[in-house]
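What follows is each chain in one-letter form.
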Amino acid sequence: LSTTLLTLLKLKPCLSPPTVRIVHSGHACNVEEERHAERVYTIREGETLELTCLVTGHPRPQIRWTKTAGSVSDRFQDSSVFNETLHITKIQRHQGGRYYCKAENGLGSPAIKSIRVDVYFLDDPVVTVHQSVGEAKEQFYYERTVFLRCMANSNPPVRYSWHRGRDVLSQGSDKGVEIYEPFFTQGETKILKLKNLRPQDYANYSCIASVRNVCGISDRNIVFKLTNKTVSPSIKLLVEDPIVVNPGQTVSLVCITTGGEPKPTLSWVSSSDSLPEKSVVKGGTLTLPAITSDEAGVYSCVATNNVGNPAKKSTTIVVRAMKKGRFWITPDPYHNDDNIQIGREVKISCQVEATPPEELTFGWLKNGRALRSSERMVITQTDPDTSPGTTNLDIIDLKFTDFGTYTCVAALKGGGIPEISIDVNISSTTVPPNLTVPRGKSPLVVREGDTVELECLVSGKPKPIILWSRADKEAPMPDGTLQVESYDGVLRIVNVSREMTGSYRCQTSQFNGFNVKPREAVVELIVQYPPTVEPVSLEMRQGLGRPVAMNCRVLRAHPSRVLRYEWRLGNRLLHAGHFDQSDETEYTVKSLNREGWGEYTCDIINEAGAGCKCLFVFTGKAYPPEFYYDTYSPLWQNRPRVYGFKLQWTQMNPNAVDRIVAYRLGIRQVEVCVCVCVCEITVEGTITKGELITHNLTELIKPEAYEVRLTPITRFGEGDSTIRIITYTSMPYNSPSVFHCSFEEEPICMFTQDKNDDFDWTRHSAATRDTKYTPNTGPSGDRSGSKQGFYMYIETSRPRKEGEVARLVSPFFNVAPKNPYGITNPPAYCFGFFFHMYGKHIGTLNALLRQKGQAATEGPTWSLSGNQGDHWKQAKVSIHPTASFQVVLEGIRGPGIEGDIAIDDVTLEEGECRDLPAVSKYRNTVIKYSATMYSLFWAKYNSSLLCFFVNSFQCVSHGRCIGWQGLLHLGGDPGGKGSPSMGTGGGS
């Protein structure tokens, strides 16, 4: 940086609602500009999508990208991107649809624009073959008709063509052939019908699928060989159905083909949609090692060869298992009594879940001895009135000698699975259950976060399982289930929360107990929690001497009575008290002083303790400034290698704090080891809301980008900073009034290479030139003479041949008509550029004009051939377009390798070209900094000249800076006559 001219302007308030438009880059095939609808962006699957949302408005609008699934609905989905550029690499077909850019800044309605993204693709086609056989009436012959159907997934819709061998098949070319597209498929398939199959119909058929090379997508084709042996697949399973195995066994399923031409492909599927992870498929054999019960099910072998329908054979794998052994005791059902009594009937039931259920067998023991069915001891299997897998033992006319331990033993016929034994004791002490809640255990009052045990006492023999559930509402238990089993009657809840307050039901289960009406009891749980308040945290900015009021409100608390509050500043108690009927408390500072800045807290306390506190942070920090991004033509160029920028901003809530007395402006060069240069801008008077402040930056080096940090200053100190990036770009591409491109940036100002030429222009810098370059041709630097500067040139070395052409095409420039009926007097523009044509084999350099919607012009608007010497020269030509246009620079290779042609500093200005100036010979006046850079920062304001510092920063890894070595101070009068002096050491 050399010098910086500072100006401070106060303009009228400048607030504006947002506007938005979408621009595109990336790998677009085509962008269709529709007048009355949204634009359509076409891209090939797998390419990169990049959409940028350009917004205006002040304050700077917030940007949000959203997507819908391609319908006309304006409904936004939750998935969003909150930045200006939407970037999707390797886009897939499902990512097509309508994309919205939404910008809002609180002024008016949000601005919304959309663009539809159409993803193009073409899959390989698939040919399927079907045959129909019909008997002709009154004749003894069969007609065999074959259908060949070709299908391919694509976007846009695919077109098909058929070939037999090398011959193209079309409708009407062969009486034995019909080609048609079924109406209901809408062109997604094409069918070739071979009527009354003839010997010549046995041949190779090719289906070619094409999307007409859109987006560079090439055609796809597939070949099918039709012979007299072509037949649909048939298969055979070399296994039994079903297959019953024990857990842990290895199961192999073998499938073989018994027919099919072409040779069928075999695959396996299961009823669970996917094969087990550890399964192994090899050819037609599926192996399931160490099978488990979860892997049981139906497995199918499928054979396909695209002829007819696929062949499918299935088998069921059954894995033996037993689980969940339970019992229950049913007293005499003919008497209204739940107790077991001598002389009456009693039934013992036993249930086991078994796979396969038909292999399940039961046996009964009494006191360890086998029990057989008799007139008084009746044993039945699988009672139809109960669930399957159940056995019952009915004891008729119970006697004292029948008391004892009865054992139900369950087993599977095939063996290999452990038996399940269930013991049931029948005695005079066998009584039905009773359920009570211990004294003092309901209601149960606990604090949030504690561990609590709800308890129900159960008596009776045998003791049943206790089931816990919510009694007050249909809600899950703490573990997420609707019921929780307990064997001791206790429900334990860890880290209890306020949502768990309510009634809990405990009841007996019929399993492992009496099959009688369930006993139940209710336990009330009350969870106390400390108060919840608002605001939890609030920053309040205020100037000195002003009154301040803070309000803290209770939202929820239990118990909600007997609440007290404490106001504090830091650790100092300010005020304390109790709530009356109100649910809020207020604290007021009549006049804020410097000691009043800090953190104020309000603690609300009940029996459960102190909860969340209200926090108020008082500060005198100024709010951040808001950069104004809608400045008209903020960037200007008055010298070849530097540029200036008009920086504008407004101040957010300027009256919220003390008067802003200055702004601290920091500038640093992006991605280069140059750290912050700082100056202060004094502010006279009071800034009002919406007031636009202007500050001009000059002597910015092209094409470097700069980070600008702006910080307001009050008597409190520094406020919040705002950062923006200033990037050097040529003037807007769609406005040809002031276009300039020096090719210093990689995008080369949106110039593109012509796709229909022979070779490309090359962006080049003499500092990076190959040591094998061709001598006696080409420039030794860019147009300014800098070896670090870039330019474009054509490389004429081999393999280039004489007459080959390279074309560089500009972006489109809009020409707006001056009246609504079109352009009657075409406007004039001056197209200029610098060229370098040095070498004995120089060919030709042409400048051409292309207009949208019109055929190419017959000849160039400017042309020059032959050696012009080792100098940069300027060319200018007036053009008169009548529509949106592009300018083309065309280089034609001469007869030899010493024919490099270069161009630089392309310009386009409104108006006719004036007299051509003499070609200037520029010297390299721009400092190219090395790893150590010295920069001098000046500021001029209020008739005083200040020099802030000269710094020398040394680079370390990643471009960081570790300090400076010298400090320069310029004293003396405002005229700058003082002598500079150098100090040593650090500074700030």
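Bear in mind that the values here come from a model prediction, so they are computed numbers and not experimental data. (Residues numbered from 1 in each chain as written. Predicted model: local features only at pLDDT ≥ 70, side-chain atom pairs only at ≥ 80, totals over all residues. Heavy atoms only, no water.)

Engineer: Help me out: how do you make sense of the overall build of the protein in this one?
Structural biologist: Helix and strand counts for the protein come out as zero helices and 78 strands. Across the 988 residues in the protein, those meeting the buried criterion constitute 44%. Long-range pairs, those at least 24 residues apart, make up 68% of the contacts in the protein with a sequence separation of at least 6. A total accessible area of about 52,100 Å² is found for the protein, and carbon and sulfur atoms account for 49% of it. (Helix = DSSP H or I, 4+ residues; strand = E, 2+ residues; numbered from the N terminus. Buried < 20%, exposed > 50% of the residue type's maximum accessible area, 1.4 Å probe, protein only. Contact = heavy atoms within 4.5 Å. Areas by Shrake-Rupley, 256 points an atom, 1.4 Å probe, with all protein chains shown as cover.)

Engineer: How should the pattern of salt bridges be read in this particular structure?
Structural biologist: Note that side chains of opposite charge can pair when their charged atoms are close. Applying the stated criterion across every chain yields a total of 34 salt bridges. The partner of Asp338 in a salt bridge is Arg519, and the shortest N-O contact between them spans 3.2 Å. Placement of the pair is Asp338 in the loop between strand 28 (321-331) and strand 29 (346-355) and Arg519 in the loop between strand 44 (513-514) and strand 45 (520-534), with a sequence separation of 181 residues. The partner of Arg492 in a salt bridge is Glu453, and the shortest N-O contact between them spans 3.5 Å. Linking Arg492 in strand 42 (residues 490-493) with Glu453 in strand 38 (residues 452-455), this pair joins segments that are 39 residues apart in sequence. A residue is classified by how much of its surface remains accessible, and Arg492, at 54% relative accessible area, is exposed. What makes Glu453 partly exposed here is its relative accessible area of 44%. Connected through salt bridges with shared partners, the residues Arg164, Asp174, Arg198 and Asp201 form a single ionic network. (Salt bridge = Lys/Arg side-chain N within 4 Å of Asp/Glu carboxyl O.)

Engineer: Honestly, the pairing of strand 28 in this entry has me stumped. Any pointers?
Structural biologist: Residues in a regular strand project their side chains so that they alternate between the two faces of the sheet. In the sheet, strand 28 pairs with strand 29 via nine bridges, with the strands oriented antiparallel. Within strand 29, the residue paired with Met322 across the bridge is Ala354. The pairing of strand 28 with strand 44 spans two bridges and is classified as parallel. Paired with Trp328 across the two strands is Gly513, which belongs to strand 44. (Pairing = 2+ DSSP bridges.)

Engineer: Would you explain unusual backbone geometry in this entry?
Structural biologist: With the exception of glycine, the majority of residues adopt a negative phi angle, and the majority of peptide bonds are in the trans configuration. In the segment running from Asn155 into Pro156, the intervening peptide bond is cis, with an omega of 10°. With respect to the helices and strands, the residue Pro156 is situated in the loop between strand 13 (154-155) and strand 14 (159-164). Cis rather than trans, the peptide bond between Lys702 and Pro703 has omega equal to 0°. Structurally, the position occupied by Pro703 is in the loop between strand 59 (692-701) and strand 60 (706-714).

Engineer: Looking at this structure, how should I read the pairing of strand 16 (residues 177-180)?
Structural biologist: Side chains of strand 16 alternate between two faces, with Val177 and Ile179 buried and Glu178 and Tyr180 left unburied. As paired elements, strand 16 and strand 17 (residues 189-194) share four bridges and run antiparallel to each other. For Ile179, the partnering residue across the bridge sits in strand 17 and is Leu192.

Engineer: What's the story with the sheet that holds strand 32 (residues 377-381) in this structure? I'm lost.
Structural biologist: Hydrogen bonds between backbone atoms are what pair the strands of a sheet, whose relative direction is either parallel or antiparallel. If you walk across this open sheet you meet the five strands as 32-33-29-28-44, and the pairing is mixed. Pairing within the sheet leaves two strands with one partner each, and these edge strands are strand 32 and strand 44. With five bridges joining them, strand 32 and strand 33 (residues 390-395) adopt antiparallel strand pairing. By the bridge assignment, Val378 is partnered in strand 33 with Asp394.

Engineer: Quick question: what am I supposed to make of the state of the cysteines here?
Structural biologist: By the definition in use, this model includes eight disulfides. One disulfide bridge connects Cys255 with Cys301, the sulfur atoms lying 2.1 Å from each other. Across the S-S bond of Cys255 and Cys301 the torsion is about -75°, and the bridge reads as left-handed. Residue Cys255 is located in strand 22 (residues 251-261), and its partner Cys301 is located in strand 26 (residues 297-304); the two are separated by 46 residues in the primary sequence. Owing to a relative accessible area of 3%, Cys255 belongs among the buried residues under this scheme. Overall, the relative accessible area of 0% leaves Cys301 in the buried class. (Disulfide = S-S within 2.5 Å.)

Engineer: I keep staring at the sheet that holds strand 19 (residues 220-225) and nothing clicks. Help me out?
Structural biologist: The four strands lie next to each other as 15-14-18-19, forming an open sheet whose pairing is antiparallel. The open sheet has two free edges, formed respectively by strand 15 (167-169) and strand 19, since each of these has just one partner strand. When the angles between neighbouring strand axes are averaged without regard to direction, this sheet yields 30°. (Axes fitted to C-alpha atoms, helices over the stretch in contact; angles between N-to-C directions.)

Engineer: Before we go on, may I ask you to explain the packing of aromatic side chains in this structure?
Structural biologist: In the structure shown here, the tally under the stated rule is 17 aromatic pairs. Consider the rings of Phe813 and Phe885, whose centres lie 5.5 Å apart with planes at 40°: the pair is tilted. With Phe813 in the loop between strand 67 (805-809) and strand 68 (829-837) and Phe885 in strand 72 (residues 885-892), this residue pair connects regions lying 72 residues apart in the sequence. Ring geometry for Phe835 and Trp862: centres 5.6 Å apart, planes at 50°, overall tilted. Taken together, the residues Phe835 in strand 68 and Trp862 in strand 70 (residues 862-865) connect sequence positions 27 residues apart. Both residues of the pair, Phe835 and Trp862, count as buried. An aromatic cluster is built from Phe831, Phe833, Phe835 and Trp862, whose rings are joined through pairwise contacts. Positioned above the aromatic ring of Phe627, the side-chain terminus of Arg724 is 5.8 Å from the ring centre. Positioned above the aromatic ring of Phe812, the side-chain terminus of Lys852 is 5.7 Å from the ring centre. (Phe/Tyr/Trp six-rings, centres within 6.5 Å; stacked < 30°, edge-to-face > 60°. Lys NZ or Arg CZ within 6 Å of the ring centre and 35° of its normal.)

Engineer: Just to check I follow, could you spell out the environment of Gln131 for this structure?
Structural biologist: Within the secondary structure, Gln131 is located in strand 11 (residues 126-135). On a C-alpha basis, the gap between Gln131 and Lys193 in space is 9.7 Å, while along the polypeptide they are 62 residues apart. The contact partners of Gln131, leaving out residues within four places of it in the chain, are Arg144, Thr145 and Val146. Looking at Gln131, its side chain comes within polar contact range of the side chain of Arg144, at 2.8 Å. (Polar contact = N/O pair within 3.5 Å; in protein donor to acceptor, adjacent residues only side chain to side chain.)

Engineer: Explain the side chain of Glu804 to me, please; I cannot follow it from the model alone.
Structural biologist: By the secondary structure assignment, Glu804 is in the loop between strand 66 (790-794) and strand 67. Looking at Glu804, its side chain comes within polar contact range of the main-chain nitrogen of Lys801, at 3.1 Å. Setting aside its immediate chain neighbours within four residues, Glu804 contacts Asp758, Phe759, Pro799, Gly891, Ile892 and Arg893.

Engineer: For this particular structure, what's the right way to read the side chain of Asp720?
Structural biologist: Examined against the element boundaries, Asp720 turns out to sit in the loop between strand 61 (717-718) and strand 62 (722-726). A distance of 2.9 Å separates the side chain of Asp720 from the side chain of Lys621, its partner in a polar contact. For Asp720, the contacting residues outside a window of four places in its chain are Arg541, Lys621, Ala622, Tyr623, Pro624, Pro625, Leu710, Thr711 and Pro712.

Engineer: Even after reading the chapter, I still don't get the nonpolar core, so can you show me in this structure?
Structural biologist: Generally speaking, nonpolar side chains in soluble globular proteins are found buried as a group. Grouped together as the largest cluster of nonpolar side chains are 34 residues, with contacts concentrated most on Phe743, Phe751, Phe831, Phe833, Leu845, Phe885 and Ile903. Take this core: its biggest share by element is five residues, from strand 68. Not counting residues up to four positions away in its chain, the partners in contact with Leu845 are Trp761, Phe833, Phe835, Met837, Trp862, Ser863, Leu864, Glu890, Ile901 and Ile903. Counting residues in each nonpolar core, the second largest holds 29 residues, with Met322, Phe327, Ile348 and Leu360 among its members. (Core = buried A, V, L, I, M, F, W, Y, C linked by side-chain atoms within 4.5 Å.)

Engineer: What is the right way to look at the confidence of the model for the protein in this model?
Structural biologist: Caution is warranted with low-pLDDT regions, since their predicted coordinates should not be read in detail. Confidence in the prediction for the protein averages 81 pLDDT; 83% of positions are at 70 or higher. Here residues 69-79 is modelled with pLDDT under 50, and outside its nearest four sequence neighbours on either side it reaches 20 contacts, counting other chains as well. Long-range and interchain partners of residues 917-988, a stretch whose pLDDT sits below 50, account for 145 contacts in this model, where long-range means more than four residues apart. (pLDDT = per-residue confidence, 0-100.)

Engineer: Is there a simple way to explain the environment of Ser810 in this structure?
Structural biologist: Following the sequence through the fold, Ser810 ends up in the loop between strand 67 and strand 68. Along the chain, Ser810 and Ile748 lie 62 residues apart, while their C-alpha atoms are 9.5 Å from each other. Ser810 has contacts with Met750, Phe751, Gln886 and Val887, leaving out every residue within four places of it along the chain. Among the polar contacts made by the side chain of Ser810, one reaches the main-chain amide nitrogen of Val887 at a distance of 2.9 Å.

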